[in-house]
Amino acid sequence: MSVTEIPTTNASTTPFNPICRNRQAPYAYEILEKLDTTGQVLFAILTFMSVIAVVVFIEEACYMYKKIPGAKKSIIIWVNAGAPIITTTSCVGMWIPRSTMFTDFTASVFLAVVIHKFQLMLVSECGGRREFLKRFGAQKLQLNTGPLCCCCLCFPRKDINRVTLFILKLGTFQFA
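Conventions used here
Residues numbered from 1 in each chain as written. Predicted model: local features only at pLDDT ≥ 70, side-chain atom pairs only at ≥ 80, totals over all residues. Heavy atoms only, no water. Helix = DSSP H or I, 4+ residues; strand = E, 2+ residues; numbered from the N terminus. Buried < 20%, exposed > 50% of the residue type's maximum accessible area, 1.4 Å probe, protein only. Contact = heavy atoms within 4.5 Å. Areas by Shrake-Rupley, 256 points an atom, 1.4 Å probe, with all protein chains shown as cover. UniProt positions renumbered as here; feature names shortened; annotations may be inferred. Expected span 1.5 Å × (residues − 1). Arc of directions from axis to C-beta. Polar contact = N/O pair within 3.5 Å; in protein donor to acceptor, adjacent residues only side chain to side chain.

Looking up the protein in an unreviewed UniProt entry gives the name Organic solute transporter subunit alpha, with the organism given as Staurois parvus.

This is the structure in structure tokens:
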């Protein structure tokens, strides 16, 4: 083999998958055609786990609806719905890859609502805003929490007061 017969490759060209040609997400049938047995088993297991999460949530919600009085049940059901909604949107995104943008949006908005409802639940379990501020008003709120801000020891500790509680509530809206 001579020097001229050695095939040369351009370093900037990479192996190309024809599905990626138009830079759009593939259709579900394209993914399912390419799956091997392990991938099919994983798809089935993840779908089954998602169905189980929804069934458990429905059973739990029915129980809470019957046993817990008043406004508490609504907030508790919303907070408990976080995991099944996220698993359901993830399962839909797995089976319908082109819907990933919508399923991610749905999961993010629902998670923001759940975090807001969780904050409302914490305050209401203390007996309302005034009781919450009476109980925790003397404590300081630590701002340098992980995973990113734990190294910033210069962050001051803030008093827990009416304004801080309002800012925390606005923070849950910011997340949405």
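Along the backbone of the protein there are 7 helices and 2 strands. Counted from the first residue to the last, the protein has its helices and strands arranged as α-α-α-α-α-α-β-β-α. For the protein, the proportion of its 176 residues judged to be buried stands at 19%. Look at the contacts in the protein between residues 6 or more apart in sequence, and 55% of them connect residues 24 or more apart. When the accessible surface of the protein is summed, it comes to about 13,400 Å², and 67% of that surface belongs to carbon and sulfur atoms.

Moving on to the UniProt feature "transmembrane region" (unreviewed entry) in the protein. The feature "transmembrane region" (unreviewed entry), as given by UniProt, occupies residues 41-63 and 75-96 in the numbering adopted here. Helix makes up 100% of residues 41-63 and strand 0%, with an end-to-end C-alpha separation of 33 Å. A distance of 31 Å separates the end C-alpha atoms of residues 75-96, which is 91% helix and 0% strand.

On to helix α7 (residues 162-175), then. With 14 residues, α7 extends 20 Å from end C-alpha to end C-alpha; this agrees with the ideal 20 Å at 1.5 Å per step. All of the buried residues along α7 are Thr-164, Leu-165 and Thr-172. Projected onto a plane normal to the axis of α7, the buried residues spread over an arc of 100 degrees and lie on a single side. With respect to the buried face of α7, the exposed residues turned more than 90 degrees away are Arg-162, Phe-166, Ile-167 and Gln-174. In this structure Asn-161 caps α7, since a side-chain oxygen of it lies 3.2 Å from the backbone nitrogen of Val-163.

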